[in-house]
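The lines below spell out each chain.
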Amino acid sequence: MKRKSFIKVIATGSVGAAAFGSEQARAEVKAAPKKVLMKVGCQSGGTSVENLEFKARHGVYNLDGGSPKTIPGKGWDLEDSMKKREACEKYGISLDAYHYPLTSAGIDKVEYPNIMLGKSPERDREIEILQQMIQVAGKTGIKVLNYNTTILPVLRTGRYTDPKRGNASYSVWNYEEALKQNHPKTVAGDVSIEQMFERITYMLDRILPVAKEYKVKLANHIADPPTPVGYRGITRWNSPDVFKGIQRFAKLYDSEYHGFNFCIGSIAEGLKDPKTEIMPIIKWVGERNQIFNVHLRNIKGGWNNFQEVYPDNGDMNFLHVVRALRDVGFSGMVMPDHVPHHHDAGSTPQAFSFAYGYIKGLLQAVSDEVKS
């Protein structure tokens, strides 16, 4: 072999080896587990002494405190908001979030209905109140406001009693059964997905600049559950393809204050195979830094037919889910959400206690992976 050719081969080989080594190094860095930044939190119970002591006893030191008192026609009471923070601090609890009065109760019950009805000028006055609430949240040190943009309420068709879990009662959604129940349309009538997004952006165009000014993140909870097009006259913004709906909503604004109260259970309700399909959704939204809170709720089933169960006996493996959240750098609260019921008087706090311990165990497990 001629010297020039020989040198060329060696050089090419060296470059190739270097490139391979570089690619391998990048792959190893990418694959390396990251530090756990998330923490167990909760959105139930408010800031009463009883609830704060309950949370502290179970090692829950981050909280969505519900919301302060409302001054009619104005917004939230700043003094009451500060009292909530002070109450939490006595127990070493961080008051991280509030709930906007845009709830999942449905258009007939929500406090400010005109935003999602698209009704002007009434919605403009409601938006002014929401702007004031952001100011109160920011002045209180609240990092996140959780909210819903829905017309239909949370939809369920019945309950299932599980003898293998001590006759715990799970809520159930079955679309075929819902059609048989033949519930009427709401006062909103027929609303297309384009109209849904128009109403959402009308509001966000006006409140997101205030959120940016006061450094408060706006975390939208997807409609629960995703449903077929036109169910009861409504096409939900995350339906019928839940991932596409999430992507469309995420891309509405390039802002660090625009994102999700990321409900694992509600997203899974729109998937055919939640165990595998949830992972790329976590990765996509997480890498955009648009996961602000997480509801860790498990289900059995999926699209159009599911039961809400305990975190450990659903179809999703929550160790894998929490590991994925760690790897995208999620740093907010991981919260239990809906929990199973039982006729025992203490069943709800029992279920939450189980969920807290389960989440804390998961966080410790994925944290130890980093250390090992």
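It should be noted that the structure appears before, not after, this text.
Residues numbered from 1 in each chain as written. Predicted model: local features only at pLDDT ≥ 70, side-chain atom pairs only at ≥ 80, totals over all residues. Heavy atoms only, no water.

This part is about the sheet that holds strand β6 (residues 144-148). An order of β1-β14-β11-β10-β9-β6-β5-β2 is seen for the eight strands of this open sheet, with the pairing classed as parallel. Both outer strands of the open sheet, β1 (39-40) and β2 (62-64), are each paired with one neighbouring strand and no more. This element, helix α7 (residues 193-214), spans β6, β9 (217-221) and β10 (258-263) of the sheet and lies at about 140° to β9. (Pairing = 2+ DSSP bridges. Helix = DSSP H or I, 4+ residues; strand = E, 2+ residues; numbered from the N terminus. Contact = heavy atoms within 4.5 Å. Axes fitted to C-alpha atoms, helices over the stretch in contact; angles between N-to-C directions.)

Note on placement: S347 falls in helix α12 (residues 347-371). Relative accessible area serves as the criterion here: at 8%, S347 is assigned to the buried category. Side-chain polar atoms of S347 contact the backbone oxygen of H342, separated by 3.1 Å. In this view, S347 contacts H341 and H342; residues no more than four positions away in its chain are not counted. (Buried < 20%, exposed > 50% of the residue type's maximum accessible area, 1.4 Å probe, protein only. Polar contact = N/O pair within 3.5 Å; in protein donor to acceptor, adjacent residues only side chain to side chain.)

With 12 residues, helix α3 (residues 78-89) should cover 16 Å at 1.5 Å per step; its first-to-last C-alpha distance of 17 Å lies within 8% of that length. Looking at α3, one finds that the buried residues are D80, S81, K84, R85 and C88. Each buried residue of α3 sits inside an arc of 145° when the element is viewed along its axis, so together they form one side. Those residues of α3 that are buried are in contact with α2 (49-57), β2, β5 (94-99) and α5 (122-140). The N-cap residue of α3 is D77: its side-chain oxygen and the backbone nitrogen of E79 are 2.9 Å apart. (Expected span 1.5 Å × (residues − 1). Arc of directions from axis to C-beta.)

Another point: the nonpolar core. Counting residues in each nonpolar core, the largest one holds 92 residues, and the members touching the most others are Y100, L145, L218, F262, I264 and L296. With 10 residues, α7 is the largest single contributor of residues to this core. A97, V144, F292 and M335 belong to the second-largest nonpolar core, a separate cluster that totals six residues. (Core = buried A, V, L, I, M, F, W, Y, C linked by side-chain atoms within 4.5 Å.)

The subject of this paragraph is the packing of aromatic side chains. Any pair of aromatic rings gets described here by the distance separating the centres and the angle formed by the planes. One pass over the full model with this rule turns up 16 aromatic pairs. Look at W76 and Y100: their rings are 6.2 Å apart centre to centre, the planes differ by 50°, and that puts the pair in the tilted class. You can see W76 sitting in strand β4 (residues 75-76) and its partner Y100 sitting in the loop between β5 and α4 (114-117), a full 24 residues away along the chain. An aromatic cluster is built from Y160, Y170, Y310, F354 and Y358, whose rings are joined through pairwise contacts. Taking NZ or CZ as reference, R248 lies 4.0 Å from the ring centre of F197, over its face. (Phe/Tyr/Trp six-rings, centres within 6.5 Å; stacked < 30°, edge-to-face > 60°. Lys NZ or Arg CZ within 6 Å of the ring centre and 35° of its normal.)

The next subject is the environment of L78. Tracing the sequence through the fold places L78 in helix α3. When near neighbours in sequence (up to four residues on either side) are disregarded, L78 contacts V136, K139 and T140.

The next thing to look at is empty space enclosed by the protein. A full pass over the atoms with the stated rule returns three cavities of 30 Å³ or more. There is about 90 Å³ of room inside the largest cavity. Contributing to the lining of the largest cavity are L102, T103, G106, I107, V110, Y112, P113, I115, M116, N148, T149 and T150. The space that makes up the second largest cavity amounts to roughly 60 Å³. If you go around the second largest cavity, you meet 13 residues; those closest to its centre are L296, V309, P311, H338 and V339. (1 Å grid on protein atoms, 1.4 Å probe; cavity = no way out; pocket = protein on both sides within 12 Å on 5 of 7 lines; lining within 4 Å. Points joined across faces, edges and corners; volume = space filled by probe spheres on them.)

Here Q247 lies in helix α8 (residues 242-250). Note: C-alpha distance between Q247 and W284 (37 residues apart in sequence) is 8.5 Å.

Another aspect to go through is the sheet that holds strand β7 (residues 158-162). What the four strands build is an open sheet, ordered β7-β8-β13-β12; its pairing is antiparallel. Each edge of the open sheet carries a strand with a single partner, namely β7 and β12 (298-302). If you compare each strand with its neighbour and ignore which way they point, the axes differ by 25° on average. Across five bridges, β12 lies against strand β13 (residues 305-309) in antiparallel orientation. The partner of G302 across the bridge, within β13, is N305.

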